[in-house]
Amino acid sequence: KLARERHLITLFLFPAKPSPIMPPKKKVEEEAVGPWMLGRFSKALKVGLVGMPNVGKSTLYNSLSKSHHSKTANVPFCTIDPSETRAFVEDDRFDWLVAQEKPKSEVKAFLTVVDIAGLISGASKGEGLGNAFLSHIQAVDGIIHVMRAFEDDDVIHAEDTVDPVRDINTICNELRIKDISYMNSRKEQHKKGQAAARTKSPAHLKKWEEENDCMDKIIAWLEEGKDVKNGMSVWSTKDIEYLNDYGLLTAKPTMYAVNMNHRDYCRKKNKFLKPIYDWVQANAPGSAIIPYCGAYEEELQDMETDKEREERLKEDGTTSAMNKMISTAFHMVHLINFFTSGPDEVRAWTIRKGYKAPQAAGCIHTDFEKGFIMAEVMAFTDLKELGSEAAVKAAGKYRQEGKNYEVQDGDVIFFKFNVGKGK
């Protein structure tokens with residue numbers, strides 16, 4: 001009894017300290033899944049011109065590259081090995097910086113374009129020039145589907161009649177069949193690793209099961225006749241990691257170049273446009289559709305001076321579609337530009353959306369990334385509105401950003417780095 005009373009007195013005189021209230025754990029928010037997450041994280045991205053034979057791919061390629069690099073002929077499969085070129089991106093922001101700085105050197109951004117031979121029904125099983133060309137599509141990061149929307153008895157069509165919706169269905173089905181075949185092969189290979197994963201540890205088995213479930217999910221989606229790029233609402237960030245590893249054909253972003261005759265292009269009317277639009281809305285919502293006339297663009301390209309081209313366009317009351325085509329394709333594969341600007345050089349640097357400041361600095365030189373200290377940044381819109389770097393600083397809009405800063409399209413940047421760390 002005495003011991004109990006002493007214990008009570010002790011508790012009364014020296015009450016136990018309450019346990020500290022721990023703050024709730026910070027909830028880690030998973031980044032919203034977006035189309036930009038699909039694909040390679042590289043600045044050296046390419047787009048491929050894809051379509052049935054004789055729809056105008058090589059003619060478009062020559063117009064985009066302002067060259068005659070790619071062979072054109074009125075026979076199926078006149079292109080066999082893919083041609084590759086640079087298409088320079090016209091950018092009003094770059095032109096403004098050049099006008100301000102009047103630099104000794106100007107370097108524009110460019111997009112790498114690949115002319116891929118025509119696909120036909122059965123290509124996934126080796127028909128036509130088959131699997132070799134599907135592998136060429138595998139090597140690019142975005143697809144420009146070239147669709148023939150003109151009738152001309154003198155230009156051969158692989159299916160004898162002109163029907164762009166039928167053609168695009170044929171191509172998309174071939175790409176999907178190839179993806180299903182690839183995923184089934186990959187799954188068979190994956191099954192062989194189950195025993196090894198179980199032997200290693202529960203963590204390895206869990207990872208094996210996670211990828212196996214993801215594979216089943218992707219195969220089921222493809223077998224329902226759906227493209228991977230249209231499943232952004234169902235893919236998790238973990239699914240996207242696997243998808244980027246698989247590099248599936250139907251995961252690549254797409255746009256549609258509709259090749260019309262000169263008369264239809266100038267009057268902006270064509271009987272195939274509405275069916276094409278309806279198909280794109282149902283099967284590739286959000287993808288760009290750009291009408292153009294291949295023969296007309298080729299004719300403009302062959303003119304000797306810009307003045308001649310301008311007069312012809314004015315006479316026809318229209319514009320060239322090439323700049324829009326290049327710019328749309330550039331952003332389709334999630335490329336953006338940042339600028340370095342000064343009296344010696346104005347340059348547009350191309351990076352993948354999502355790059356952090358050190359990665360962007362590494363595009364200039366690897367030492368810039370290794371020894372990165374900070375990025376001094378101003379938005380192009382602020383620079384243009386205020387007129388000069390000094391004015392941007394005076395307005396408090398000149399920023400110092402660290403290694404976690406995600407570079408934005410149109411940033412004008414000066415990087416600081418430690419020379420010693422770069423070596």
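Here's a quick rundown of the structure.

**Comments concerning the side chain of K252**
Point 1. As for its position among the elements, K252 is in the loop between α8 (237–246) and β6 (254–259).
Point 2. For the buried K252, no salt bridge is present, and the opposite-charge side chain at shortest range is D141, 5.5 Å distant.
Point 3. Looking at K252, its side chain comes within polar contact range of the main-chain oxygen of V140, at 2.7 Å.
Point 4. Setting aside residues up to four positions removed in sequence, K252 forms contacts with I137, Q138, V140, D141, G142, I143, K229 and G247.

**Some remarks on helix α2 (residues 57–65)**
Point 1. Here α2 lies mainly inside the structure; nine of its nine residues are buried.
Point 2. Among all positions of α2, only K57, S58, T59, L60, Y61, N62, S63, L64 and S65 are buried.

**Structural notes on the packing of helix α11 (residues 294–302) against helix α12 (residues 306–316)**
For any two helices packed against each other, one specifies the crossing angle of their axes together with the interaxial distance.
Point 1. Interhelical geometry of α11 versus α12 gives an angle of 145° and a closest axis separation of 9 Å. Note on element contacts: α12 touches α11 through R309, R312, L313 and D316, opposite Y296, E299, L300 and Q301.

**Observations regarding the sheet that holds strand β1 (residues 46–50)**
Point 1. Strands sit in the order β2-β4-β1-β5-β6-β7 across an open sheet of six strands; the sheet is mixed. Every interior strand has two partners, whereas the edge strands, β2 (83–88) and β7 (289–292), have only one. Averaged over neighbouring strand pairs, the angle between their axes works out to 25° when direction is ignored.
Point 2. Pairing between β6 and β7: four bridges, direction parallel. Residue N259 lies in a different strand from β7, and its bridge partner there is Y292.
Point 3. Where helix α5 (residues 164–191) meets the sheet, it contacts β1, β5 (142–148) and β6, and its direction lies at approximately 150° from that of β5.
Point 4. Set on the sheet, helix α13 (residues 322–332) makes contact with β1, β2, β4 (110–115), β5, β6 and β7; between it and β6 the angle comes to about 165°.

**Here's the deal with the pairing of β6**
Point 1. Judged by how many residues are buried, β6 sits mostly within the fold: six of six residues are covered.
Point 2. Along β6, one buried face is formed by T254, Y256 and V258 and the opposite face, lined by M255, A257 and N259, is buried too.

**Regarding the environment of E297**
Point 1. Note on placement: E297 falls in helix α11.
Point 2. Taking relative accessible area as the criterion, E297 reaches 4% and is therefore assigned buried.
Point 3. For the pair E297 and T59, spaced 238 residues apart in sequence, the C-alpha to C-alpha distance is 8.5 Å.
Point 4. In this view, E297 contacts S63, Y265, Y292, S320, A321 and M322; residues no more than four positions away in its chain are not counted.

The rules behind each value
Residues numbered from 1 in each chain as written. Predicted model: local features only at pLDDT ≥ 70, side-chain atom pairs only at ≥ 80, totals over all residues. Heavy atoms only, no water. Helix = DSSP H or I, 4+ residues; strand = E, 2+ residues; numbered from the N terminus. Buried < 20%, exposed > 50% of the residue type's maximum accessible area, 1.4 Å probe, protein only. Lys, Arg positive; Asp, Glu negative; His and termini not counted. Salt bridge = Lys/Arg side-chain N within 4 Å of Asp/Glu carboxyl O. Polar contact = N/O pair within 3.5 Å; in protein donor to acceptor, adjacent residues only side chain to side chain. Contact = heavy atoms within 4.5 Å. Axes fitted to C-alpha atoms, helices over the stretch in contact; angles between N-to-C directions. Pairing = 2+ DSSP bridges.

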